[in-house]
Amino acid sequence: MEAQPTITGFTPFTTTDYPGCLAAVLFTQGCPWSCPYCHNPHLRPSQEESSSIGWARITRFLASRTGLLDGVVFSGGEPTLQRGLPEALREIRTLGFKTGLHTAGIYPERLASVLPLLDWVGLDIKGLPAGYAGITGAQGSAERAFRSLRLVLDSGIAYEVRTTVHARLTTFAELVALAHTLADAGVRHYALQAFRPQGCIDPALTEDGGAQAIVEAVRERIAPLFETFRMQTEAAD
């Protein structure tokens, strides 16, 4: 591979990161957004070469799991930041695995380029457009995320849209409004994820976020809008 993705974390087995599949997860380094509830802040800096895992080591492991795992998921950080992502996805497919991606839709053009190489996408939509920059710390982030949403929906590949909930960042009314916005856009598969404090470095958020109460309260209002609807009380952003 001419360019290799910078991988600084590796989960050899998971049943939750790729719905319906037994998968391994590769965590890439680098993310330009600063979501306060992020539980992987150590993955934000673009360069952490000293702790990177060699691609050859990863492919050797995956080759030994052929027939035991169904798929491989790239997570992060923001995987589409990695120039080597397309070639990595091709190699993983050659090994016989399904390919999955966790993304916040930060780079719509890069997402478009790898969609043909993916079998499933987990797309984070963090809130209503009006409040997006307040969550991500980045102007224009709403436009990027919702453009990526359109790309995923139009691609026809399997997907799940996900929103992390914290009471200080998302109100009951905003969550219901977001669900209607997504349903109107054509989203059929949606998951709410309660904030978890592990790894979060913002002390203002690490106390009880009240997320579980909100998630449970909106179930009856939100679930009927979607073909599939999941709630997670121990989940990542």
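Nothing here was measured: the structure is a model prediction, and the numbers come from that model.

Caption draft 1: View of helix H6 (residues 172–185). For H6, with 14 residues, the first-to-last C-alpha span of 20 Å sits near the 20 Å given by 1.5 Å per residue. Buried within H6 we find Leu175, Val176, Leu178, Ala179, Leu182 and Ala183. Buried positions in H6, seen along its axis, are confined to an arc of 160° and lie on one side of it. Facing away from the buried side of H6, by more than 90 degrees, are the exposed residues Ala173 and Asp184. In the stretch just after H6, Gly186 is the one whose phi turns positive, near 110°.

Caption draft 2: A look at the packing of aromatic side chains. Under the counting rule described, the total for this entry stands at seven aromatic pairs. Judged by centre distance (6.3 Å) and plane angle (20°), the ring pair of Trp55 and Phe74 falls under stacked. Here Trp55 is found in helix H1 (residues 55–64), whereas its partner Phe74 is found in strand S3 (residues 71–75), with 19 residues between them in sequence. Taken as a pair, Trp55 and Phe74 share a single burial class, namely buried. For the pair Tyr132 and Phe146, a centre-to-centre distance of 6.0 Å together with 70° between the ring planes defines the contact as edge-to-face. Here the residue Tyr132 occupies a position in helix H4 (residues 132–136), and Phe146 occupies one in helix H5 (residues 141–155), the gap between them amounting to 14 residues.

Caption draft 3: Fine view of H5. Taking 1.5 Å of rise per residue, 15 residues should cover 21 Å, and H5 covers 21 Å from first to last C-alpha, within 8% of that figure. Elements in contact with the buried residues of H5: helix H3 (108–114), strand S5 (120–124), H4, strand S6 (158–165) and H6.

Caption draft 4: Structural context of the sheet that holds strand S2 (residues 23–28). Here eight strands make up an open sheet; going across it, the order is S1-S2-S3-S4-S5-S6-S7-S8 and the pairing mixed. Both edges of this open sheet fall to strand S1 (7–14) and strand S8 (228–232), since each of them pairs with a single strand only. Looking at each pair of strands side by side, their axes are set apart by 20° on average, direction ignored. Sheet topology places S2 next to S3; five bridges connect them, and they run parallel. Across the sheet, Phe27 pairs through a bridge with Ser75, a residue of S3.

Caption draft 5: Main features of the pattern of salt bridges. Throughout the structure, instances matching the rule amount to seven salt bridges. For Asp124, the salt bridge is made with Arg162, and the minimal N-O distance between the two is 3.0 Å. Of this pair, Asp124 sits in strand S5 while Arg162 sits in strand S6, placing them 38 residues apart in sequence. Overall, Arg162 belongs to the buried group, its relative accessible area being 7%. One salt bridge connects Arg230 with Glu160, and the closest N-O pair in it is separated by 2.6 Å. Of this pair, Arg230 sits in strand S8 while Glu160 sits in strand S6, and the two are 70 residues apart along the sequence.

Caption draft 6: Structural context of the environment of Ala158. With respect to the element layout, Ala158 can be found in strand S6. Given a relative accessible area of 43%, Ala158 falls into the partly exposed group. Considered as a pair, Ala158 and Gly100 are 58 residues apart in the sequence and their alpha carbons are 9.5 Å apart. In contact with Ala158, other than residues within four places in its own chain, are Asp119, Trp120 and Val121.

Caption draft 7: Looking closely at unusual backbone geometry. Of the consecutive residues Gly76 and Gly77, the connecting peptide bond is found in the cis state with omega at 15°. Following the sequence through the fold, Gly77 ends up in the loop between S3 and helix H2 (85–94).

About the criteria used
- Residues numbered from 1 in each chain as written.
- Predicted model: local features only at pLDDT ≥ 70, side-chain atom pairs only at ≥ 80, totals over all residues.
- Heavy atoms only, no water.
- Helix = DSSP H or I, 4+ residues; strand = E, 2+ residues; numbered from the N terminus.
- Expected span 1.5 Å × (residues − 1).
- Buried < 20%, exposed > 50% of the residue type's maximum accessible area, 1.4 Å probe, protein only.
- Arc of directions from axis to C-beta.
- Phe/Tyr/Trp six-rings, centres within 6.5 Å; stacked < 30°, edge-to-face > 60°.
- Contact = heavy atoms within 4.5 Å.
- Pairing = 2+ DSSP bridges.
- Axes fitted to C-alpha atoms, helices over the stretch in contact; angles between N-to-C directions.
- Salt bridge = Lys/Arg side-chain N within 4 Å of Asp/Glu carboxyl O.

None of this, on its own, says anything about what the molecule does.
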